[in-house]
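Here is how the chains run, residue by residue.
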Amino acid sequence: MLTLLKIRNLALVDELVWEPEGGFLSITGETGAGKSVIMGGISLLLGERADKGRIRSGETQCSLEALFRIPHAEHINAVLEEAGVPPCEDGELLIRRSITASGNRQFINNSPVTLQLLRKVAGGLVDMHHPEAHRSLTSQERQLDLLDAFAENSTLLANYDKAYRAWLQARAAYRELQESEMANERELDFLRHQVNEIENAAFTADEVAGLEAGWQRARNASRLRDTALPMAQLLDGDEASVLSHMRQLVRLGRELERLDAATATWLSPLEGLVDELCDLSAEVEDYIANLNSDPMELARLEERINLLDSLKRKYGPDFEAICEHLQACRDKLEDVDNREEKLQQLAEEERARKAELRVAAAALSNARKKAVPRLQENFLEHARQLGFRQSLFEVALIPLDEPGPHGAEETDFLFGPNPGEPLKALRLIASSGELARVMLALKSALAKQDDTPLLVFDEIDANVGGEIARAVGMKMRELGQDHQVIAITHFPQVAALADHHYLISKGLTDGRTVSRLREVSDDDRVAELMRMLGTGGSTAEAHARELMEKTLSSSGI
């Protein structure tokens, strides 16, 4: 539920701090007092695009803040954590927006976020209804959503969506190959030329890795030999070599150790040093022996390097890229050469995915069919309480020629408010008053399945009579048992039924018009109901108190 709403410098509101209660809340006030600012502020906090023209005249910035208490915030926390935003602490979600002439900023739990993320998170927190919003009921897609919500089809919908996406992917792959034109001969020749050029070069990863170093050795073979030969001579070339002296040291050391065994501890490394020097001498000799100064070998290596550089210029910056290009060309040729075989494979894949889709669609369709009678009965129960005493309601499931993104059928809600008249699709009902009550009946039917914490109704009781207005209020009061419900209304019959009644008014402060919101109760609430009744005196007061007494009696108080 919404536990705090702060609005600063929005239209006529200079500063509003509201801590709404739970249950059914009504907001009343004279026309132009600023009731729409409440709706506007909540809409902005839900991610509605901000217009700098809504900033209070003479101010440079408008700010809004809302605090929601969410008992089960696991889903929202998952979305926030994925976006790198701190999760809700103790089930509290804080949303802030700042609107200036130069731009807007939005925050969730004091972390800056995009407008897209704000809408994603806030979309499930509040359900807004105003005189035009219930026109969405005429959308067949929206009607199917309502039916699925009533039937609690979330798991079946997820299974269907997964199967539908898999089928679409398989069908697209099949059609792409089926409808694509065969590559012309010139394109095929070019592909084959590229494959042949790379394959004939016959480079391997090992050769490429050592090619540059091999070329450098062959190119500098003479200098390398001139450097290595003196090393070999110095190591073990004659009696003056290092190894000759080391061997003499070893002989003397052995003699010393024979005469004094205590010298063994520090003479023992001598023989190891000799072994290491012998290994080094052998390595140098092998290195000299393998140095190749053959001009033909140097020319061969240069030719291979030039060929590799040529392939790099054509097909990629390195050997790995060349290999990837080669494989891509092979795949294209294979697609052409094995087109019929590939088509058959893709067709079989598409048929398999279509079969899986039919199974998922059948399960979803059966669940919808089972839910239809229950939804019709539940809706009519609420509709008759809202004045449609002899109305008829039917949920028509219309099979589709081909599965769609939402299932194997579409739906049409048919409604007949008057006996003897044929049922009509909701989109053909012109009366906004009737549509508003239909919407309220549907919301009431879905109250247990709808997990939206806050429902906001902005004058949806417009164009209805006094008794029907009271029925509308009663239905909102019932919804208030499962949700926090805010109703902006001009009807005293609705306002009197609220658990909490708030009055918005405007006045002058320092010569400027400002709007104020405060809760009214007892005599103040009676006075506001009298104003809404449009009359004064003892009769109006008695009527207002009677409305209040009916509210208390309907509550069982």
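Everything here concerns the structure above.
Before going into details, it helps to say that this report is about the structure given with it. (Residues numbered from 1 in each chain as written. Predicted model: local features only at pLDDT ≥ 70, side-chain atom pairs only at ≥ 80, totals over all residues. Heavy atoms only, no water.)

### Let's talk about helix H1 (residues 35-45)
So, point 1. Across the 11 residues that make up H1, a large majority, 10, are buried.
So, point 2. Regarding H1, the residues found buried are Lys35, Val37, Ile38, Met39, Gly40, Gly41, Ile42, Ser43, Leu44 and Leu45.
So, point 3. In the segment just after H1, Gly47 is the residue with positive phi, at about 110°. (Buried < 20%, exposed > 50% of the residue type's maximum accessible area, 1.4 Å probe, protein only. Helix = DSSP H or I, 4+ residues; strand = E, 2+ residues; numbered from the N terminus.)

### Quick look at helix H2 (residues 74-82)
So, point 1. Of all the positions in H2, only Ile76, Asn77, Val79 and Leu80 are classed as buried. Buried residues of H2, viewed axially, fall in a sector of 160°; they line one side. Residues of H2 that are exposed and point over 90 degrees away from its buried face: Glu74, His75, Glu81 and Glu82.
So, point 2. Taken together, the buried residues of H2 touch strand E5 (92-100), strand E6 (104-108) and helix H3 (115-122).
So, point 3. The positive-phi residue at the C-terminal boundary of H2 is Gly84, with phi of around 80°. (Arc of directions from axis to C-beta. Contact = heavy atoms within 4.5 Å.)

### A look at the sheet that holds strand E9 (residues 392-404)
So, point 1. What the three strands build is an open sheet, ordered E9-E10-E11; its pairing is antiparallel. Looking along the sheet, the strands with just one partner apiece sit at the ends: E9 and strand E11 (424-425).
So, point 2. Both strand E10 (residues 407-416) and E11 contribute to a ladder of two bridges, which runs antiparallel. The residue of E11 that forms the bridge with Leu414 is Ala425.
So, point 3. Running at roughly 170° to E9, helix H14 (residues 339-385) makes contact with E9 and E10 of the sheet. (Pairing = 2+ DSSP bridges. Axes fitted to C-alpha atoms, helices over the stretch in contact; angles between N-to-C directions.)

### Observations concerning the nonpolar core
It is characteristic of soluble globular proteins that their nonpolar side chains tend to be buried jointly.
So, point 1. In this structure, Trp18, Phe68 and Leu93 are the most contacted members of the largest nonpolar core, which totals 48 residues.
So, point 2. Looking at this core, the element that brings in the most residues is H1, giving six residues.
So, point 3. Among residues more than four places away in sequence, those in contact with Trp18 are Thr3, Leu4, Leu5, Leu25, Ile27, Ile38, Ile486, Tyr502 and Leu517.
So, point 4. If you look at the next biggest cluster of nonpolar residues, it comprises 42 residues, including Phe413, Leu442, Ala445 and Val485. (Core = buried A, V, L, I, M, F, W, Y, C linked by side-chain atoms within 4.5 Å.)

### With respect to the pattern of salt bridges
So, point 1. This model, assessed by the stated rule, comprises 23 salt bridges.
So, point 2. Residue Asp189 is joined to Arg192 by a salt bridge in which the shortest nitrogen-to-oxygen separation is 3.6 Å. Here Arg192 and Asp189 lie together in helix H6 (residues 185-201), a separation of three residues that amounts to about one turn.
So, point 3. When its relative accessible area of 41% is taken as the criterion, Asp189 is described as partly exposed.
So, point 4. The partner of Arg330 in a salt bridge is Glu199, and the shortest N-O contact between them spans 2.7 Å. One end of the pair, Arg330, is in helix H13 (residues 319-337); the other, Glu199, is in helix H6, and 131 residues separate them in sequence. (Salt bridge = Lys/Arg side-chain N within 4 Å of Asp/Glu carboxyl O.)

### A look at the packing of aromatic side chains
Two aromatic rings, taken as a pair, are described by how far apart their centres are and by the angle between their planes.
So, point 1. A full pass over the atoms with the stated rule returns seven aromatic pairs.
So, point 2. Where Tyr160 meets Tyr164, the ring centres are 5.9 Å apart and the plane angle is 15°; that geometry is what we call stacked. Of the two residues, Tyr160 and Tyr164 both sit in helix H5 (residues 154-179), four residues apart, roughly one turn of that helix. Considered together, Tyr160 and Tyr164 belong to a single accessibility category, that of buried residues.
So, point 3. Both rings, one in Phe379 and one in Phe415, keep their centres 5.9 Å apart while their planes meet at 85°; by these two values the pair is edge-to-face. Highlighted residues: Phe379 in helix H14 and Phe415 in strand E10, separated in sequence by 36 residues. The residues Phe379 and Phe415 share a single accessibility class, namely buried. (Phe/Tyr/Trp six-rings, centres within 6.5 Å; stacked < 30°, edge-to-face > 60°.)

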